[in-house]
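Breakdown of the fold
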Protein chains: 4
Amino acid sequence: MAGNSFGELFRVTSFGESHGPALGAIVDGCPPGLPLTEADIQTYLERRRPGQSRFTTARREADQVRILSGVFEGVTTGTPIGLLIENTDQRSQDYSDIKELFRPGHADYTYAHKYGIRDYRGGGRASARETALRVAAGAIAQRYLAATAGIRFRAGVVQIGPHSTAPDAPDFNWDEVGNNLFFCPDPRMAESCDQYLRDLLKAGDSVGARVRLEVQGMPVGLGEPVFDRLDADLAKALMSINAVKAVSVGDGFAVAGQLGSEHRDALTPDGFSSNHAGGVLGGISTGQPLVAELAFKPTSSITQPGTTINTSGEPAEIVTRGRHDPCVGIRGVPVAEAMAALVVMDHLLRHRAQNGGVNHSYPDIENSG
Amino acid sequence: MAGNSFGELFRVTSFGESHGPALGAIVDGCPPGLPLTEADIQTYLERRRPGQSRFTTARREADQVRILSGVFEGVTTGTPIGLLIENTDQRSQDYSDIKELFRPGHADYTYAHKYGIRDYRGGGRASARETALRVAAGAIAQRYLAATAGIRFRAGVVQIGPHSTAPDAPDFNWDEVGNNLFFCPDPRMAESCDQYLRDLLKAGDSVGARVRLEVQGMPVGLGEPVFDRLDADLAKALMSINAVKAVSVGDGFAVAGQLGSEHRDALTPDGFSSNHAGGVLGGISTGQPLVAELAFKPTSSITQPGTTINTSGEPAEIVTRGRHDPCVGIRGVPVAEAMAALVVMDHLLRHRAQNGGVNHSYPDIENSG
Amino acid sequence: MAGNSFGELFRVTSFGESHGPALGAIVDGCPPGLPLTEADIQTYLERRRPGQSRFTTARREADQVRILSGVFEGVTTGTPIGLLIENTDQRSQDYSDIKELFRPGHADYTYAHKYGIRDYRGGGRASARETALRVAAGAIAQRYLAATAGIRFRAGVVQIGPHSTAPDAPDFNWDEVGNNLFFCPDPRMAESCDQYLRDLLKAGDSVGARVRLEVQGMPVGLGEPVFDRLDADLAKALMSINAVKAVSVGDGFAVAGQLGSEHRDALTPDGFSSNHAGGVLGGISTGQPLVAELAFKPTSSITQPGTTINTSGEPAEIVTRGRHDPCVGIRGVPVAEAMAALVVMDHLLRHRAQNGGVNHSYPDIENSG
Amino acid sequence: MAGNSFGELFRVTSFGESHGPALGAIVDGCPPGLPLTEADIQTYLERRRPGQSRFTTARREADQVRILSGVFEGVTTGTPIGLLIENTDQRSQDYSDIKELFRPGHADYTYAHKYGIRDYRGGGRASARETALRVAAGAIAQRYLAATAGIRFRAGVVQIGPHSTAPDAPDFNWDEVGNNLFFCPDPRMAESCDQYLRDLLKAGDSVGARVRLEVQGMPVGLGEPVFDRLDADLAKALMSINAVKAVSVGDGFAVAGQLGSEHRDALTPDGFSSNHAGGVLGGISTGQPLVAELAFKPTSSITQPGTTINTSGEPAEIVTRGRHDPCVGIRGVPVAEAMAALVVMDHLLRHRAQNGGVNHSYPDIENSG
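Because the structure is predicted, anything quoted here is derived from the model rather than measured.

Description of the relation of the copies chain C and chain B
Overlay of chain C on chain B (RMSD 0.0 Å): rotation 180 degrees, translation along the axis 0.0 Å. Here the symmetry operator amounts to a two-fold rotation axis. Taken as a fraction of all interface residues of chain C, those also at the interface in chain B reach 100%, which identifies the copy contact as same-surface.

Pasting the structure below:
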């Protein structure tokens, strides 16, 4: 309850600071019998790993995950899975000059006032480095959901500053996400972002981003109203990612301008005829793809000087050097997928608990997912 | 864990269907010593009560709340507070003609498939009627927070279809919220909405809405990273309200287009110089006003015929008569305030638990709240 | 988390004071499809209802339960079940003379110091009256477990002061429990208790009791090590009943004097050859009957004068009049069954969530249950 | 919720198998500002470490704990504390001959049937080795409680087979616990146990034990009725320790034979005149010492042959060689202290959350603790 656990039945609890000896997580509640190796998880970690391109932080972390428990002879046993990633490239000295300063846009000020103590090395617990463990835990969920239920998580950057795309754009293609440095499903947008971000780096600035998420192959019936709705838990999951400031499901904020006659998705014997709802009605999955978008703020760690105060409350100027992403939203893509997987996994288990034996006579309509 | 509880230390658990005998809630964790009467709670319930204007459902519910426990001689005792609202105006017969139909845009289809059983009377548990108990529970939190910490919750409708306003509009004034039927802080917008909604009612249609929420007087330090961030819990709380499809904090989705140099809020000895962050950094409150927006979809219950299927999967046409709000977002205003109050209250208690004895030397900067 | 909820997936949250308007509970997580009426629950409540014999409190409560939600057309819907019992025979005036006194052996002193406020009417929240809701909620679990898994809960008083029995006593017979006023499985013991308790009542005193509990038809595999072991959760459940001071499983405290060679239960192709373990190994059910015992302290409300202090800390003498059970352990029997049912039900759902799809090749050995 | 977490606000989540690469735990919710080093925790671990005497398992584990997070410059920061103990002396080959056998009295059979998969190396997750992390986490709680509230945990073996002692024995002295191999507060009992256990080892058998626990310096007011009573949570905590079969508070099972007039503890201006209640009334601490006892079953791993079945269900004989304690209750002493500390710590934080600001006028009576 102190905030470092996520999920009820598939529960991830994490620890670790940016510049401490290691980060780790415990995944409790993974069903037994899932084939799982360190390499399986590593594949997912590679996607968010820093140091892979000029557009992500230059910090080089091996991010090698170890499975310390819960797997025996290559298969999960049902007992808690201990995960560990040692920190290998912590240059704490980089931070000595900001020890006495609160970086604007960072959590320095709030951590200091909340706890009365501040681990100033690279953001400490508030660092995005913590999301590596989210990806590792999410990888387990993604593998389980893919193997047992055919559920697949897709995410990509659909906006960086002035450049954006949408599913109805001519070149939008989920399979393109892996083909560029921006996890962008639209190669044209990716191309324009390349020069845009180069210029931004030179200017010592950063930019925000918007990520689109689709969960394909969703079963109908996941979500626990009235508070633990599927969309409510997804909103929490995504908003809990560093730098995220907004989350929407289906048509999102556009619904404020819609009429009932245009928003509601008609049901037909062949399935829903549209998906304005984004795959959730009354907090329960409809069987259509679960669709969400989330916005990442621009990194506050930029080399342009900023106005701030020091820990004594006196005015100061700050220049954050360190090694930082010009657009944190890019590396947020695998994190968004991971968090969505944790939500869907948890709700699958919760649904199984309460409704495992339900036999009803309502016909399923067809949803291709 | 079956979904009908919200909060950890100030925990609300609710029950009740739209057309059952009664709805109720248990508020567990309210500190002892708070003066509390049924009339205190009733004041808040009156704001969301149906039947008050032509723009909300014609259903007439007294919505009279009873306090069944936890209060002795006018003061909370620290034991759980039982709340009960009897249903008095349930016209179940109104729903007999939709018994065999899944209303598009409603939770009929998902409830039926999740549980194998469907209480078709007015939406059953999925009805917005459930939010009455959120308002009642939230009223207790709001009273506690106002009395002990000077925290105040303000919300208002800032968009209805094509009509919108913003805090920098010339007539925007929080004190106007109580002066019109739309909980709108801008009297000009309220005026244009009046005719717009009259026309909509005639056309048998409905419309979405956007609500803005501000929490004033926030202390610094509330929120439990990394998962139970203040903004993450707020996102869940607001997204769990019926019909909500999007939630944002601070600048929201606009951050995807911002540069780091424009987004980050500078710190000065006199406080933050702006509030792009919306009062949260690293998931912890900054002491500035907590600012959020949320979007409500248009009611799916409209008199325009819709395409659907019946419970045997055959195509059908549906016309929802019943008594419904043309714009559910309007009555969502007190619900949004209530949910925000539950989040802040819970985090206040959680902070007190872990950090009750913190004495630190970091100077607070001034925030007017 | 404020203490008034029990269970994770089958979660009961209760409220209500001894002399308030009503007591109630919300049962969240009951699977859909269970036939359930108020009469079904009432049957269980009748067993613990006061005013039924000279050996239980003379207070006469109808204890009529109402189901306010979660049941539609006679069947549970999967949504939360609201339960309500109105108080009808509260004679608060009986307590005015103890308003300023802390009754020894009661929770008066601890409630007053914990909360700073004390509802002195009949024990307030600390009254055993609260257990009525445990029985009501437990009834739902018992019905589900009986109907779907053939699990049966049996409990009986096996010691009252100097009078005791044991399963190997010649007249011990679970079917006798309903045939005497003491819920005693041994008619000889029941007979001796009759005169013993009459004398005790005359003397204005009370006596403790020991209850034995057996759960028959247990499946193998329930329990979640390492903390939420089946026996650990059972211990909490039983120790949470008013007046209980000790809980044991299987051979209980006698194991401290046993050798490994005599304690361990041999496995044979026909099942375990003994049940020293009480049906739990490593915190997981073995498939044998789950066996536990619990001890109730004697009621502290007796007419013999006692030494105490008043709320100003001054010495005082107290005589508790009111209407009280001479042996609270007797009415503890249905409460113990109910709490055990809540534990087994919760663990059945938890097991189903994580291990729903387990297919393994280990042969089950035969256990008659 | 999958069973490997304990506590609400001071929450310990653990992982690790007897013969895996490492065991670990995350302590979430530790208040900031507590001085803490690895050496501080190591002191507590040394007490339960195997290989220290002929009466505990010959396995030699360094049990060196690493703090991986949550401590900065020697002080806790309020973020989660990651703890890790690498396994160094796993001789898995010792277990190859029992791979196909279910050891009687062990969790082999139940784990295999629950999960369909069994880590047969030394008990896997069911091994008492897991309790090392309980001790490490409990050490943090004990240090906090000692430093901030003067609360002290004392436990000792008061029965081993036929040998026992009690607080009123002439030589009973808590300070003797550290002076013998049995954690026994009575040197006479310790002396007789020495020869008794030597003989038992020769005979290839094991024996049970009873441990007494006292928490001194308890504040009044801890415990959250009606379910999360202090004694109920303590019962769960202690029953969750490997091999524990019974737990009692205060006079324990003896209360079944007591009269109300003898059991209830009189209140006087100088404090309670006795402590039959064991420091808890109505589930809330009285300020007197919290007193509990617990019974450990004899180790089932003995060299005397036993009757069992193999994993195909066929009858077999088993001799457990490995390296095992003849009396697991002895090493249970520091574990019992640790679990009690987790309970008290959690309830201290919970009380602080809800009742942090209570000011009442009830005078405290004196309790020496």
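Brief notes about the interface of chain C and chain D
Quoted interface sizes are often the accessible area lost when the parts come together. The interface of chain C with chain D comprises 119 residues on the first partner and 120 residues on the second. It is Lys114(C), Phe227(C) and Arg264(C) in chain C that bury the most area against chain D; as a group they hold 10% of the surface buried on that side. The salt bridge partner of Lys114(C) is Glu224(D), with a shortest N-O separation of 3.1 Å. Where chain C meets chain D, there are 51 residue pairs in polar contact (both at pLDDT 80 or more). For the side of chain C that touches chain D, the element with the highest residue contribution is helix α2 (residues 108-115) of chain C, accounting for 7 residues. Residue classes in the side of chain C that touches chain D are distributed as 54 nonpolar, 42 polar and 23 charged. Of the strand pairs in this sheet, strand β11 (residues 244-249) of chain C and strand β11 (residues 244-249) of chain D are connected by 3 bridges, and their pairing is antiparallel. If you follow Ala246(C) over to β11(D), its bridge partner there is Ser248(D).

Some remarks on the relation of the copies chain C and chain D
In the superposition of chain C on chain D (RMSD 0.0 Å, axial shift 0.0 Å), the rotation amounts to 180 degrees. With an isologous cut-off of 70% or more, the 100% of interface residues of chain C that recur at the interface of chain D puts this contact in the isologous class.

Examining the state of the cysteines
All names here are of chain A. Across all of its chains, the model carries 0 disulfides over all chains by this definition. Note on Cys327: no disulfide assigned, nearest cysteine sulfur contributed by Cys193 at a separation of 7.9 Å. Looking at Cys327, the relative accessible area reads 0%, which means it is buried.

A short note on the interface of chain C and chain B
Counting residues at the interface gives 45 residues for chain C and 45 residues for chain B. Contact between chain C and chain B buries roughly 3,500 Å² in total, counting both sides, with carbon and sulfur atoms accounting for 65%. For the interface between chain C and chain B, the tally reads 2 salt bridges. Residues Arg66(B) and Glu86(C) are paired through a salt bridge, measuring 3.8 Å at the closest nitrogen-oxygen approach.

Looking at the UniProt feature "binding site: NADP(+)" (unreviewed entry) in chain A
Residue and element names in this part refer to chain A. In the numbering adopted here, UniProt assigns the feature "binding site: NADP(+)" (unreviewed entry) to Arg48 and Arg54. Its place among the elements puts Arg48 in helix α1 (residues 38-48). Leaving out residues up to four positions away in the same chain, Arg48 has contacts with Asp63, Ala128, Arg129, Thr131, Ala132, Val135, Arg331, Pro334 and Val335.

Remarks on the packing of aromatic side chains
Two numbers describe a pair of aromatic rings. These are the distance of the centres and the angle of the planes. Tallied over the full model, the rule gives 26 aromatic pairs over all chains. Pairing Phe172(C) with Trp174(C) gives two aromatic rings, centres 5.3 Å apart and planes at 80 degrees, and the pair type is edge-to-face. Using a relative accessible area of 14% as the deciding quantity, one classes Phe172(C) as buried. With a relative accessible area of 11%, Trp174(C) lands in the buried category. Three or more aromatic residues joined by ring pairs form one cluster here, namely Phe102(A), Tyr109(A) and Phe272(B). Lying across the ring of Tyr115(B), Lys114(B) places its NZ or CZ 5.6 Å from the centre.

Regarding helix α5 (residues 230-239) of chain C
An α-helical turn contains 3.6 residues, so any two residues separated by three or four positions project in the same direction. Burial analysis of α5(C) places 10 of its 10 residues in the buried class, the great majority of the element. Turning to α5(C), its buried residues are Leu230(C), Asp231(C), Ala232(C), Asp233(C), Leu234(C), Ala235(C), Lys236(C), Ala237(C), Leu238(C) and Met239(C).

Topic: the nonpolar core
Counting 350 residues, the largest nonpolar core has Ile160(A), Ile160(B), Ile160(C) and Ile160(D) as its most contacted members. If near-sequence neighbours (up to four positions away) are discounted, Ile160(C) is found in contact with Phe182(C), Met189(C), Cys193(C), Tyr196(C), Leu197(C), Val207(C), Gly208(C), Ala209(C), Cys327(C), Ile330(C) and Ala256(D).

Here we look at the sheet that holds strand β7 (residues 81-86) of chain D
Residue and element names in this part refer to chain D. In spatial order, the strands read β1-β2-β3-β7-β4; together these 5 strands make up an open sheet with antiparallel pairing. Single-partner strands in this sheet number two, and they are β1 (5-6) and β4 (65-67). One ladder, built from 5 bridges, connects strand β2 (residues 11-15) with strand β3 (residues 22-28); its direction is antiparallel. Among the inter-strand pairings, Val12 is bridged to a residue of β3, identified as Val27. Docked against the sheet, helix α1 (residues 38-48) engages β4 and β7, running at close to 150 degrees with respect to β4.

Remarks on the side chain of Asp40(D)
Residues and elements named next belong to chain D. Mapped onto the secondary structure, Asp40 falls in helix α1. Looking at Asp40, the relative accessible area reads 18%, which means it is buried. A distance of 2.9 Å separates a polar atom in the side chain of Asp40 from the backbone nitrogen of Thr37.

Rules of the game
Residues numbered from 1 in each chain as written. Chains lettered and ligands numbered in written order. Predicted model: local features only at pLDDT ≥ 70, side-chain atom pairs only at ≥ 80, totals over all residues. Heavy atoms only, no water. Least-squares fit on C-alpha atoms with pLDDT ≥ 70 in both. Contact = heavy atoms within 4.5 Å. Buried area = accessible area lost by both parts, 1.4 Å probe. Salt bridge = Lys/Arg side-chain N within 4 Å of Asp/Glu carboxyl O. Polar contact = N/O pair within 3.5 Å; in protein donor to acceptor, adjacent residues only side chain to side chain. Helix = DSSP H or I, 4+ residues; strand = E, 2+ residues; numbered from the N terminus. Nonpolar A, V, L, I, M, F, W, Y, C, P; charged D, E, K, R; others polar. Pairing = 2+ DSSP bridges. Disulfide = S-S within 2.5 Å. Buried < 20%, exposed > 50% of the residue type's maximum accessible area, 1.4 Å probe, protein only. UniProt positions renumbered as here; feature names shortened; annotations may be inferred. Phe/Tyr/Trp six-rings, centres within 6.5 Å; stacked < 30°, edge-to-face > 60°. Lys NZ or Arg CZ within 6 Å of the ring centre and 35° of its normal. Core = buried A, V, L, I, M, F, W, Y, C linked by side-chain atoms within 4.5 Å. Axes fitted to C-alpha atoms, helices over the stretch in contact; angles between N-to-C directions.

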